[in-house]
Amino acid sequence: MTDHVHDLHSVREATDRLLTAVAKLDNGALAQESRLPGWSRGHVLAHLSRNADALVNVFEGRPMYVSAEARDADIARDAGRPLEEQLADLRNSAEAFLATTRAPQDWSRTVELRNGVTDLASNVPFRRLVEVELHHVDLGIGYELEDLPEAFTGREIDFLADRWSGRPEVPPTELVAEDGRRWRTGSAGDVAVTVRGTAAGLLAWLAGRADKGASLSTSGGPLPALPPL
């Protein structure tokens, strides 16, 4: 069962780690490419700030973003700001999100996210945690998938494996981590492909990050191609 209080505590811890790491950069480093194609580090930080604003909208009953075009325009607008502005925005938007979650509310209610996606309000803090943790890795500044908390990695694999479950273009697939944990994803039926590797490697593949599966081994067939996130 989701524990939104625990997840909000984790969001604060992850945000503090991110702020501490970003504060060591300079303006030149922010302008350099991140690990996300087409995005500088400044784009990643701008996205994180605007995502915090968007989740405030969700909790307050407004559309997450006015439109996809407006979302992209806001990120592009804010990407080139100097370090101090990026840090202040990241800090203030994160605190505004956390402040919103402290208001009395029904955590069991259904809220609407992007593109018609809905979820329970209690799951939104973990969604924010995913944004902060994975995009910290995407900055390419020394925080890697292997550095993510073990519990977080397992939960995100749970989430992504479930996301690709029932997809006819993905064969029935079993994921096996080196520590013995297992997940099932893809279409229904007997397992056609087994994918083995570290939990970090499995997460990298499911989330389209890092080596995208180069460190994994398979049996029964090649590594399945996953739809874009």
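Here, every reference points to the structure presented above.
Residue numbers here run from 1 along each chain, matching the order of that chain's written sequence. It should be noted that, the model being predicted, local features are given only for residues of pLDDT at least 70 and side-chain atom pairs only at 80 or more, the latter also being counted only at that level, while totals for whole chains, interfaces and linings use all residues. In computing side-chain values, all of the structure's heavy atoms are included and hydrogens and water are not.

Some points on the side chain of Arg 81
Here is step 1: Here a helix means four or more residues in a row that DSSP labels H or I, a strand means two or more in a row labelled E, and each is numbered from the N terminus. Looking at the element boundaries, Arg 81 is found in the loop between helix H4 (68-78) and helix H5 (83-101).
Here is step 2: In protein, a polar contact means a hydrogen-donor-capable atom and an acceptor-capable atom, both N or O and within 3.5 Å, with residues adjacent in sequence counting only if both atoms are side-chain atoms; elsewhere, any N or O pair within 3.5 Å suffices. Within polar-contact distance, the side chain of Arg 81 engages the backbone oxygen of Asp 78 at 2.9 Å.
Here is step 3: Polar side-chain contacts of Arg 81 include one of 3.0 Å to the side chain of Gln 86.
Here is step 4: Among residues more than four places away in sequence, those in contact with Arg 81 are Leu 30, Ala 46, Arg 50, Gln 86 and Asp 89. By the convention used here, residues are in contact when the closest approach between their heavy atoms is within 4.5 Å.

Describing the packing of aromatic side chains
Aromatic rings in a pair are described by how distant their centres are and how their planes are angled relative to each other.
Here is step 1: Stacked, edge-to-face and tilted labels apply to pairs of Phe, Tyr and Trp rings (six-membered ring for Trp) whose centres lie within 6.5 Å, assigned for plane angles under 30 degrees, over 60, and everything in between, in that order. Throughout the structure, instances matching the rule amount to three aromatic pairs.
Here is step 2: Each ring, one from Phe 59 and one from Phe 97, has its centre 6.1 Å from the other, and the planes form 40°; the classification is tilted. Placement of Phe 59 in helix H3 (residues 41-59) and of Phe 97 in helix H5 is noted, with a sequence separation of 38 residues between them. Like Phe 59, the residue Phe 97 is buried in the burial classification.
Here is step 3: Between Phe 126 and Phe 152, the aromatic rings sit 5.8 Å apart at their centres with planes inclined by 45°, giving tilted as the arrangement. With Phe 126 in helix H6 (residues 124-138) and Phe 152 in helix H7 (residues 150-164), this pair connects stretches of sequence that are 26 residues apart. Using a 1.4 Å probe on the protein chains alone, a residue whose accessible area is under 20% of its type maximum counts as buried, one over 50% counts as exposed, and one in between counts as partly exposed.

A few points about the pairing of strand S5 (residues 193-197)
Here is step 1: Extensive coverage of S5 is indicated by the burial of four of its five residues.
Here is step 2: Sheet topology places strand S3 (residues 173-177) next to S5; five bridges connect them, and they run parallel. Bridging across to S5, Leu 175 finds its partner in Val 195.
Here is step 3: Looking at chain direction, S5 and strand S6 (residues 217-219) are connected through three bridges and run antiparallel. The residue of S6 that forms the bridge with Thr 194 is Ser 219. In this analysis, strands are considered paired if DSSP registers two or more bridges between them.

Here we look at the pattern of salt bridges
Here is step 1: A pairing counts as a salt bridge when a side-chain nitrogen of Lys or Arg comes within 4 Å of a carboxyl oxygen of Asp or Glu. A full pass over the atoms with the stated rule returns 18 salt bridges.
Here is step 2: A salt bridge links Glu 60 to Arg 62; the shortest N-O distance between them is 2.7 Å.
Here is step 3: Taking relative accessible area as the criterion, Glu 60 reaches 44% and is therefore assigned partly exposed.
Here is step 4: Two residues, Arg 102 and Glu 95, come together in a salt bridge whose shortest N-O distance is 2.9 Å.
Here is step 5: The structure contains a network of salt bridges with shared partners spanning Arg 50, Asp 53, Asp 74, Arg 77, Asp 78, Arg 81 and Asp 89.

With respect to the environment of Val 132
Here is step 1: For Val 132, the location among the structural elements is in helix H6.
Here is step 2: On the basis of relative accessible area, Val 132 is assigned to the buried category, the value being 1%.
Here is step 3: Separated by 120 residues in sequence, Val 132 and Arg 12 place their C-alpha atoms 9.7 Å apart.
Here is step 4: The residues contacting Val 132, other than those within four sequence positions of it, are Ala 14, Thr 15, Leu 18 and Leu 48.

A short note on the sheet that holds S5
Here is step 1: Pairing is mixed in the open sheet, where four strands are placed in the order S4-S3-S5-S6. Both outer strands of the open sheet, strand S4 (182-185) and S6, are each paired with one neighbouring strand and no more. The sheet shows a mean angle of 20° between the axes of neighbouring strands, direction not considered.
Here is step 2: Where H7 meets the sheet, it contacts S3 and S4, and its direction lies at approximately 20° from that of S4.
Here is step 3: To get an axis, a line is fitted to the C-alpha atoms, and for a helix only the part in contact is used. The angle between two axes follows their N-to-C directions and goes from 0 to 180 degrees. This element, helix H8 (residues 199-206), spans S3, S4 and S5 of the sheet and lies at about 145° to S3.

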